[in-house]
Amino acid sequence: AQKVTQAQTEISVVEKEDVTLDCVYETRDTTYYLFWYKQPPSGELVFLIRRNSFDEQNEISGRYSWNFQKSTSSFNFTITASQVVDSAVYFCALSEGGSARQLTFGSGTQLTVLP
Amino acid sequence: EAGVTQFPSHSVIEKGQTVTLRCDPISGHDNLYWYRRVMGKEIKFLLHFVKESKQDESGMPNNRFLAERTGGTYSTLKVQPAELEDSGVYFCASSQDRGRMGLNYSNQPQHFGDGTRLSIL
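Residues numbered from 1 in each chain as written. Chains lettered and ligands numbered in written order. Predicted model: local features only at pLDDT ≥ 70, side-chain atom pairs only at ≥ 80, totals over all residues. Heavy atoms only, no water.

Caption draft 1: View of the overall build of chain A. Secondary structure assignment for chain A yields zero helices and 12 strands. The linear arrangement of helices and strands in chain A, starting from the amino end, is β-β-β-β-β-β-β-β-β-β-β-β. Its C-alpha radius of gyration of 14 Å places chain A within 12% of the 13 Å reference for a compact globule of 115 residues. In terms of overall dimensions, chain A has a C-alpha envelope of 45 × 25 × 20 Å along the principal axes. Here chain A, with 115 residues, has 50% of them falling under the buried criterion. Look at the contacts in chain A between residues 6 or more apart in sequence, and 57% of them connect residues 24 or more apart. Put simply, chain A shows about 5300 Å² of open surface, and 47% of that area lies on carbon and sulfur atoms. (Helix = DSSP H or I, 4+ residues; strand = E, 2+ residues; numbered from the N terminus. Rg over C-alpha atoms; globule rule 2.2 N^0.38 Å. Buried < 20%, exposed > 50% of the residue type's maximum accessible area, 1.4 Å probe, protein only. Contact = heavy atoms within 4.5 Å. Areas by Shrake-Rupley, 256 points an atom, 1.4 Å probe, with all protein chains shown as cover.)

Caption draft 2: Highlighting the pattern of salt bridges. On inspection of all chains with the given rule, the structure shows 10 salt bridges over all chains. Across the pair A:Glu59 and A:Arg51 runs a salt bridge, and its minimum N-O distance is 2.5 Å. Across the pair B:Glu57 and B:Lys54 runs a salt bridge whose closest N-O atoms are separated by 4.0 Å. By relative accessible area, B:Glu57 is classed as partly exposed at 43%. Classification of B:Lys54 as partly exposed rests on a relative accessible area of 36%. Salt bridges here are not isolated pairs; linked through shared partners, they connect B:Arg36, B:Arg64, B:Glu85 and B:Asp86. (Salt bridge = Lys/Arg side-chain N within 4 Å of Asp/Glu carboxyl O.)

Caption draft 3: The arrangement of the nonpolar core in detail. All names here are of chain A. Grouped together as the largest cluster of nonpolar side chains are 23 residues, with contacts concentrated most on Trp36, Phe77, Tyr90 and Leu111. Looking at this core, the elements that each hand over two or more residues are β2 (10-14), β3 (19-21), β5 (32-39), β8 (64-69), β9 (74-79), β10 (88-96) and β12 (109-114). With four residues, β10 is the single largest residue contributor to this core. Those residues in contact with Tyr90 that lie beyond four places of it in its chain are Gln6, Leu21, Trp36, Tyr37, Lys38, Leu48, Tyr64, Phe77, Ile79, Gly108, Thr109 and Leu111. (Core = buried A, V, L, I, M, F, W, Y, C linked by side-chain atoms within 4.5 Å.)

Caption draft 4: Structural view of the interface of chain A and chain B. Taken together, the contact pairs 23 residues of chain A with 23 residues of chain B. A buried area of about 1900 Å², summed over both sides, lies between chain A and chain B, and 55% of it is on carbon and sulfur atoms. At the boundary of chain A with chain B, the tally comes to zero salt bridges. For the side of chain A that touches chain B, the secondary-structure elements that each account for two or more residues are β5, β6 (46-52) and β10 of chain A. Broken down by element, the side of chain A that touches chain B gets its largest block of residues, four residues, from β5(A). For the side of chain A that touches chain B, the residue count by class is 10 nonpolar, nine polar and four charged. (Buried area = accessible area lost by both parts, 1.4 Å probe. Nonpolar A, V, L, I, M, F, W, Y, C, P; charged D, E, K, R; others polar.)

Caption draft 5: Expanded view of the environment of A:Ala1. Residues and elements named next belong to chain A. For Ala1, the location among the structural elements is in the segment before β1 (3-5). Residue class for Ala1 comes out exposed when judged on its relative accessible area of 77%. For the pair Ala1 and Asp18, spaced 17 residues apart in sequence, the C-alpha separation works out to 33 Å. Beyond its immediate stretch of four places on either side in the chain, Ala1 contacts Glu26 and Arg28.

As structure tokens, then:
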């Protein structure tokens, strides 16, 4: 069975600090996809990134970066030089298989960036 | 391009009443999903449509929940009769179909609506 664990329930940082959100997943499939979503206070879920299980290359997008390590079944998300607007709940999610499938979400990490 | 839209944004009903939630996916997206998050818990999958067909309804909690997707366009999720434990936020998401070009087009990102907050009194 698939499972996603986000052990950090809440994190508070001061603006301009770097912060890493952890995500550990479990799956028996060799083909799977990992996702990160952001849920700002307004409530919508905003897609941030998708990675497939065959591509372990880390990715950077502006202040955001993702570290995918199959050896530890982790897909961690780092925000560099955090800003107040980064305050949100961040969800990691997993989808097994190569075609459109349901997402299994972690419980989310509430990030608060203080000015 | 319009995103996924959900209606209503908030619904308050009494236990035993019926409520119908609506989702309009992004135009051209064959896949439509329903999820919900009950208070303090994780976002859980309910079901998945491919066009008008139910691909996977393994997450539907019981037969008080009925989902339809007429003509493969918008979808409705009816709860009848509503119970207290049905309170939560119901999300709809849509994604493009798997392309014919191979793995790179598989499992496209799901784009979510703003959700419907359902409160059962």
